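Summary of the model geometry
Below are the chains, spelled out letter by letter.
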Amino acid sequence: KRENESKRGLIRPDEVEGTEDSTDPGAAYSTVERDYGDWGVYTPTGAQMSSTEVQGVLLLSDVYGAFSENTRALADKIAFECQPAVVMVPDMFRGTPWTTNATLDEDGVERNEEGKTYEGWRATHPEARVDIDVRAAAAVLRKRYDVS
C-alpha cells in the first residue's frame, strides 16, 4: 500500500474531473494528501489498528503554496514518521502562490509574474476565505479519514 501511494504522485487541480464552485464555502479545494497509514490492516505486531488510532495533520503551507517541493517533502516526512497519519495540505492560495522568481522593478520592489507586489498579491487572498478553506480541509480530514 505504501509503495502504491508513493508512486501515485500529486493530484493537481487541473487533473480533477468535474466543476468547482468557488463560491461554495464547504467545497474542498486543491490539496496535497499523503497517507502512509496502516489502519484497518494488520500491523507487524499482529494487532489491527482502528480508525481511532489514526492521526490527522493539517499542514498549512508557506507563501510558496501547497505544491512547492519543500511543502511536499515536509508532508511526506510527517506522514512517514508519524504513522499511522494522514497529512493534508490545503491549497490556501487556490493555485496562485507567491512566486519563487520575483523580479525587482525600477523602485527596487519585488513583483510577481502578474506585476503585483507581495502586499498586492496577499490582498487577493483575504483572511476570511483562507479561514473557510482551512475549515473545509479540516472537515474533509474528519469525514474522509475519520480523524479528530
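The preceding data block contains the structure.
The paragraphs below set out a description of the structure included in this document. (Residues numbered from 1 in each chain as written. Predicted model: local features only at pLDDT ≥ 70, side-chain atom pairs only at ≥ 80, totals over all residues. Heavy atoms only, no water.)

Moving on, we come to the environment of T117. Residue position: T117 is located in the loop between β5 (110-111) and α3 (118-123). Separated by twelve residues in sequence, T117 and D105 have C-alpha atoms that sit 9.7 Å apart. Those residues in contact with T117 that sit more than four places away from it in its chain are W98, V109, E110 and R111. (Helix = DSSP H or I, 4+ residues; strand = E, 2+ residues; numbered from the N terminus. Contact = heavy atoms within 4.5 Å.)

A complete count under the given rule lists six salt bridges for this structure. Here R111 and D105 are joined by a salt bridge, their closest N and O atoms 2.8 Å apart. Owing to a relative accessible area of 17%, D105 belongs among the buried residues under this scheme. Between R129 and D133 there is a salt bridge, with its nearest N and O atoms 3.7 Å apart. Taken together, the residues R129 and D133, both in helix α4 (residues 127-145) and four residues apart, mark about one turn of the helix. By the burial criterion, R129 is buried, and D133 matches it. Salt bridges sharing partners connect three or more residues here, namely R94, R129 and D133. (Salt bridge = Lys/Arg side-chain N within 4 Å of Asp/Glu carboxyl O. Buried < 20%, exposed > 50% of the residue type's maximum accessible area, 1.4 Å probe, protein only.)

Worth remembering: the numbers are spatial, not functional.
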